[in-house]
Amino acid sequence: MEYFTERAASHREVLQKIRDRYGERARVLTQRSVRVGGFLGMFAREGIEVTGYIAKEAPKPPRKMLDPEEERKKILESVKGSSDGTLQQVLKAVNAIQERLDTHEPQKQEELHPSIVAMEQLLEENEFSAGFIREMSNRLRREMSLEDLDRQDIVESSVFQWIGEKIKIYEPRVTPKIMILVGPTGVGKTTTIAKLAAIYGLGHKGGKPVDVRMITIDNYRIGAKQQIDTYGSIMNIPVSGVESFQDLKKTLALYEGADLILIDTIGKSPRDYMKLAEMREMLDACGHDAEVFLTLSSTTKISDIKDLFKTFEPFGYQAIILTKLDETQRIGNVISVITEHNKPVAFLTDGQSVPQDIHEASVPRLLMNLDGFKSAKMSLRPREGRVSGTPSGAEYVKNGVWE
C-alpha cells in the first residue's frame with residue numbers, strides 16, 4: 001500500500017494538494033498541527049500535516065437518490081387515460097421503484113487502517129459502549145503515526161493505557177465515619193459489608209484494626225438480618241437492625257464512640273421508587289458524616305447501569321463498589337459508564353469468601369479483567385493499595401509503562 005504525507009498552511013490547501021497529486025483514490029488517515037516554513041526554526045508559521053494512503057480503486061460515484069414525489073407523478077402520468085389494466089400498470093410501476101430502492105447502495109464510509117478496525121472489534125468484544133469505542137478510534141487516527149499504526153502491539157498498548165487514564169479511583173482523605181451501601185437486589189451488598197467489616201475491624205490486608213459497628217435496615221428480605229448477624233458474631237462486631245428514621249438516629253447515637261459504622265440497605269428494584277424514597281428519607285438520619293457507595297454488579301449491561309446511576313443519584317453516592325468480577329471477563333460496559341459519568345471506583349469483589357475476596361480498587365486490577373490485550377498486560381505490574389487510600393490511575397503510568 002502506498003502512503004503519503006503532505007503539509008500546507010491550511011486544511012483546505014492541504015486537501016487540494018492531495019487531490020491534485022493523488023486524485024480520487026487518496027484516503028486520509030491522520031492530521032495534526034505543525035510548524036511550516038521559516039529558516040533554522042525562525043519565522044515558522046502554523047500549518048497542517050495530513051497523512052494517508054492510496055486506495056487500489058477509485059470510489060464509485062454515488063447513485064442518484066430516488067425522489068418519491070417525482071416517481072409518483074410518473075406513475076400517475078403512465079396510467080392517465082387508461083381504462084383496462086390500470087391496476088396492473090400501477091403495480092408494475094411500484095414494483096419497479098421498489099426494485100430500484102432495494103438495489104440502491106449507500107456511499108461507503110472512509111476506509112480505516114486495519115489496526116484501527118481490529119482495535120474497534122476488540123473493544124466491542126469487551127462490551128465497551130459505541131461512544132467509548134468511537135472516542136478511542138478517533139484518538140488513534142489523531143495521535144498515531146502511520147508507522148505506529150502498522151504495529152498492532154503499539155496500538156494495543158496505547159489504547160490499554162488510554163483506558164487506564166480514564167478510570168478514576170476513590171481516594172478518601174481519612175476513613176469515613178459512616179459508610180452506606182446502596183444498590184439493587186442481588187449485587188452482594190450484605191456480603192460486601194461483611195468483607196469491609198473484616199478489612200477495617202479485624203485489620204486484614206495490612207490495615208490497622210478500628211472499632212467497627214454494623215447496622216442493617218434490610219428487614220424485608222428473608223434471612224437478611226440473620227445473615228449479617230452471623231457475620232457479626234464470627235468477627236465479634238456488634239450488629240443492629242433498624243426500621244425507621246428514629247430507630248436509625250438512636251442507634252447511631254448509641255454507636256457514637258465507634259470509629260466506623262457500616263450500613264446495609266434494602267435491596268430494592270430501581271423501579272420501586274416509593275420504597276427508595278422512603279429509604280432515602282431514613283438515611284437522612286446519618287447526617288453529613290456519611291459517605292454513600294453504589295454497589296454494582298460487573299455483569300450488568302450498559303443500559304441498566306445508566307438507569308441505576310440515575311435512580312440512585314438522589315442518594316448522593318461518592319463512589320462505586322464493583323462486585324462479581326469473578327463472573328465476567330468483559331467489563332467494558334462498566335468502564336464506559338463510570339468514565340462517562342466521572343465516577344470513581346472504591347472497592348472490587350471477586351468471590352463470596354470473607355474477607356479474602358475484596359480489594360481496594362486500582363487501575364491495574366480493573367484492566368486485568370479486560371479480555372485480550374495480551375501484549376499490553378505483559379507490562380502490567382499491579383501494586384497493592386493501602387487500606388487508607390489507593391493511588392489514582394495516573395500514578396500507575398510512568399514513561400508509558402504500567403507499574
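This structure is a prediction, so every number in the text was calculated from the model and none was measured.

Scanning the protein chain for helices and strands turns up 15 helices and 13 strands. The 403 residues of the protein chain split such that 45% are buried. By sequence separation, contacts in the protein chain at least 24 residues apart represent 71% of the contacts at least 6 residues apart.

Here we come to the sheet that holds strand E8 (residues 290-297). Reading across from one edge, E6-E5-E7-E4-E8-E9-E10-E11 is the order of the 8 strands in this open sheet, with mixed pairing throughout. With one partner strand each, in any of the chains shown, strand E6 (239-241) and strand E11 (358-360) form the two edges of the open sheet. Taking the axes of each pair of neighbouring strands and ignoring which way they run, one obtains an average angle of 25° across the sheet. Here strand E10 (residues 345-349) pairs with E11 via 3 bridges, running antiparallel. Along E11, the bridge assignment pairs Thr-349 with Ile-358. Packed on one face of the sheet, helix H12 (residues 302-311) meets E8 and strand E9 (319-323) and runs near 160° to E8.

With that out of the way, let us pick up the nonpolar core. In this structure, Ile-163, Leu-248, Ile-263, Leu-283 and Phe-373 are the most contacted members of the largest nonpolar core, which totals 66 residues. For this core, the element with the most residues is helix H7 (residues 152-166), which contributes 5 residues. Beyond its immediate stretch of four places on either side in the chain, Leu-248 contacts Ile-215, Val-242, Ile-263, Met-282, Leu-283, Ala-285 and Cys-286.

Bringing the confidence of the model for the protein chain into the picture now. Within the protein chain, residue pLDDT values average 79, and 72% of them lie at 70 or more. Counting interchain partners and residues more than four positions distant, the pLDDT-below-50 stretch residues 102-109 has 4 contacts. Across residues 382-403, confidence stays below pLDDT 50; counting only partners more than four residues off in sequence or on other chains, it has 60 contacts.

With that settled, consider unusual backbone geometry. One non-glycine residue with positive phi stands out, namely Lys-324, at about 60°. Tracing the backbone through its elements, the reader meets Lys-324 in the loop between E9 and helix H13 (332-340). Residue Lys-324 is classed as partly exposed on the basis of its relative accessible area of 22%. Backbone geometry at Asn-342 places phi at a positive 60°, although glycine is not the residue there. Its place among the elements puts Asn-342 in the loop between H13 and E10. Classification of Asn-342 as partly exposed rests on a relative accessible area of 47%.

A few words now on the environment of Val-239. Assignment of secondary structure puts Val-239 in strand E6. When its relative accessible area of 19% is taken as the criterion, Val-239 is described as buried. Linking Val-239 and Ile-215, residues 24 residues apart in sequence, is a C-alpha distance of 5.6 Å. Ignoring any residue separated from it by four or fewer positions in sequence, one finds Val-239 in contact with Met-214, Ile-228, Asp-229, Gly-232 and Tyr-255.

On to the packing of helix H4 (residues 114-125) against H7, then. At their nearest, the axes of H4 and H7 sit 10 Å apart, and the two run at 45° to each other. When the interaxial angle is binned, H4 and H7 end up oblique. In the packing of H4 onto H7, the handedness of the crossing is right-handed. The segment H4 lies against H7, with Ser-115, Ala-118, Met-119 and Leu-123 engaging Gln-152, Val-155, Glu-156, Val-159 and Ile-163. Residues of the contact of H4 with H7, tallied by class, amount to 6 nonpolar, 2 polar and 1 charged.

With respect to the element layout, Phe-160 can be found in helix H7. The exposure class assigned to Phe-160 is buried, which follows from its relative accessible area of 0%. Residues Phe-160 and Phe-373, spaced 213 residues apart in sequence, show a C-alpha to C-alpha distance of 7.3 Å.

About the thresholds
- Residues numbered from 1 in each chain as written.
- Predicted model: local features only at pLDDT ≥ 70, side-chain atom pairs only at ≥ 80, totals over all residues.
- Heavy atoms only, no water.
- Helix = DSSP H or I, 4+ residues; strand = E, 2+ residues; numbered from the N terminus.
- Buried < 20%, exposed > 50% of the residue type's maximum accessible area, 1.4 Å probe, protein only.
- Contact = heavy atoms within 4.5 Å.
- Pairing = 2+ DSSP bridges.
- Axes fitted to C-alpha atoms, helices over the stretch in contact; angles between N-to-C directions.
- Core = buried A, V, L, I, M, F, W, Y, C linked by side-chain atoms within 4.5 Å.
- pLDDT = per-residue confidence, 0-100.
- Parallel < 35°, antiparallel > 145°, perpendicular 65-115°, else oblique.
- Left-handed = near helix turned anticlockwise from the far one by under 90°.
- Nonpolar A, V, L, I, M, F, W, Y, C, P; charged D, E, K, R; others polar.

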